[in-house]
Amino acid sequence: MMDKMSATEALKDFQKYTPKDFPAYEALVPGHRGCQGCGEILALRQVLKGMGGPMIVTSATGCMEIITSPYPHTAWNVPWIHVAFENAAAVASGIEAGRKAMIRKGILPAEEADCKIVAYGGDGGTADIGLQALSGAMERGHNMVYVCLDNEAYMNTGIQRSSSTPFGANTTTTPPGELSFGQATDKKDIPGIIAAHGVPYVATASPFYYTDLMNKAKKAATVKGPAYLHVFAPCPTGWRAAPSSAMTLAKLAVESKYWPLYEVIDGKYVINKKIKKAKPIGEYLKPQRRFSHLNPAQIEYIQAQVDAKYDRLMYLAGEAEDE
């Protein structure tokens, strides 16, 4: 059985970051080749900076692997390994188990246990291809942090739909036309699925709310046992939005209740930012041409789904809707 303890206990003396005391630590340094306006690379930098070092990072195949490691260059300032789409969590599990064995045998000093083990992947490498390995790592209780950078499609390989692609979105494999209106299914609730594993800490985050995001990353790294972060990762290229729109969308997603900010600490849901007067979902959809084909009825359906999911979240958190 791997290390596992109460997140409530681990976080009882937690000291929050403020904008005045963010760490200087940088695991990800200048030199990447991200698209203009990429919100995902910003989110990843915030996560790693919030965790602080030292750390070992495993990366699933995806945009963040491609743009940070074009041979012979690298934008990584920490030990980093690129693995296949499906096994970032499995490799991180192996690193954690191997380190534990080496400490037990006296090969590594005990303080090496403070080195964080981080795995990350996009929504395709998390919600689809990597879900089995992720579920196994969470169920076994490995002392690691998994980060999903959710840009809602397989952007690296051509903007194909994933199970995290929202209803109605135009992707190269769900194009709108006479017989289609885009993505026909709703977005998979990966944070809820991981929370159902009984892990100590699960959280959602948005890079616009960077203090919230970095504090959640710090909490995830503080907890002993598996922790999971699901981070909104705006992709102007794949979403057919202006390169300057990433942070606007990251803000609108929260303000419209599309991307609620919450934590699940030892099974208890906590909403971090309550939205009392939500903006219409249309304000979030409008800047993205991936939704430009939708008719009013379809937008109304999306609004109803967003409202219902937020109401359910309020219920899980034990709070009545107060609009």
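Description of the structure in this document. This one's a predicted model, so the numbers in the text were calculated from it and none came from an experiment. (Residues numbered from 1 in each chain as written. Predicted model: local features only at pLDDT ≥ 70, side-chain atom pairs only at ≥ 80, totals over all residues. Heavy atoms only, no water.)

On to the pairing of strand 4 (residues 145–150), then. Successive side chains on a regular strand alternate, one facing one side of the sheet and the next facing the other. The buried fraction of strand 4 amounts to six of the six residues, a majority that puts the element mostly inside the structure. Burial of strand 4 is two-sided: the residues V145, V147 and L149 facing one way and the residues Y146, C148 and D150 facing the other way are all buried. Strand direction decides the pairing type here: strand 3 (residues 116–122) and strand 4, joined by five bridges, are parallel. Residue pairing across strands places G121 opposite C148, the latter belonging to strand 4. (Buried < 20%, exposed > 50% of the residue type's maximum accessible area, 1.4 Å probe, protein only. Helix = DSSP H or I, 4+ residues; strand = E, 2+ residues; numbered from the N terminus. Pairing = 2+ DSSP bridges.)

A few words now on the packing of aromatic side chains. In the structure shown here, the tally under the stated rule is 14 aromatic pairs. Ring centres of Y17 and F22 lie 6.1 Å apart, and the angle between their planes is 70°; this geometry places the pair in the edge-to-face category. Measuring from ring centre to ring centre gives 5.1 Å for F167 and F181, while their planes differ by 45°; the resulting arrangement is tilted. With F167 in the loop between strand 4 and strand 5 (176–177) and F181 in strand 6 (residues 180–181), the pair connects residues that are 14 residues apart, well separated along the chain. Taking the relative accessible area as the measure of exposure, F167 reaches 12% and is therefore buried. Classification of F181 by relative accessible area gives partly exposed; the value is 29%. Taken together, the ring pairs connect F232, W239, Y258, W259 and Y284 into an aromatic cluster. Between K219 and the ring centre of F14, over which it is positioned, the NZ or CZ distance is 5.5 Å. The residue whose ring lies beneath R290 is W239, and the NZ or CZ to ring-centre distance is 4.1 Å. (Phe/Tyr/Trp six-rings, centres within 6.5 Å; stacked < 30°, edge-to-face > 60°. Lys NZ or Arg CZ within 6 Å of the ring centre and 35° of its normal.)

If you walk across this open sheet you meet the eight strands as 2-1-3-4-8-7-9-10, and the pairing is mixed. Since the sheet does not close on itself, it has two edges, and those belong to strand 2 (80–82) and strand 10 (268–271), each with one partner. Averaged over all pairs of adjacent strands, the angle between strand axes in this sheet comes to 15°, irrespective of strand direction. One ladder, built from five bridges, connects strand 1 (residues 55–59) with strand 3; its direction is parallel. Each bridged residue has a counterpart across the sheet, and for T58 the counterpart in strand 3 is A119. (Axes fitted to C-alpha atoms, helices over the stretch in contact; angles between N-to-C directions.)

A few words on the environment of H142. Locating H142 in the fold gives a position in the loop between helix 6 (131–140) and strand 4. Considering only alpha carbons, one finds H142 and A227, 85 residues apart in sequence, at a separation of 9.0 Å. Within the structure, the side chain of H142 is placed 2.9 Å from the side chain of E96, a separation counted as a polar contact. (Polar contact = N/O pair within 3.5 Å; in protein donor to acceptor, adjacent residues only side chain to side chain.)

By the element assignment, E152 lies in the loop between strand 4 and strand 5. Judged by relative accessible area, E152 falls into the buried class, the value being 0%. A distance of 2.4 Å separates a polar atom in the side chain of E152 from a polar atom in the side chain of Y258. Other than its neighbours up to four places away in sequence, E152 contacts D123, S162, S164, T165, P166, K187, W239, Y258, Y284 and R290. (Contact = heavy atoms within 4.5 Å.)

This part covers unusual backbone geometry. Of the consecutive residues G53 and P54, the connecting peptide bond is found in the cis state with omega at -10°. Summarising the element assignment, P54 is placed in the loop between helix 2 (39–51) and strand 1. Of note, the amide linkage connecting Y71 to P72 takes the cis form, showing an omega dihedral of 5°. Looking at where P72 falls in the secondary structure, it is placed in the loop between helix 3 (63–68) and strand 2. Backbone geometry at R240 places phi at a positive 55°, although glycine is not the residue there. With respect to the helices and strands, the residue R240 is situated in the loop between strand 8 (227–232) and helix 9 (246–255). Its relative accessible area of 24% is what places R240 among the partly exposed residues.

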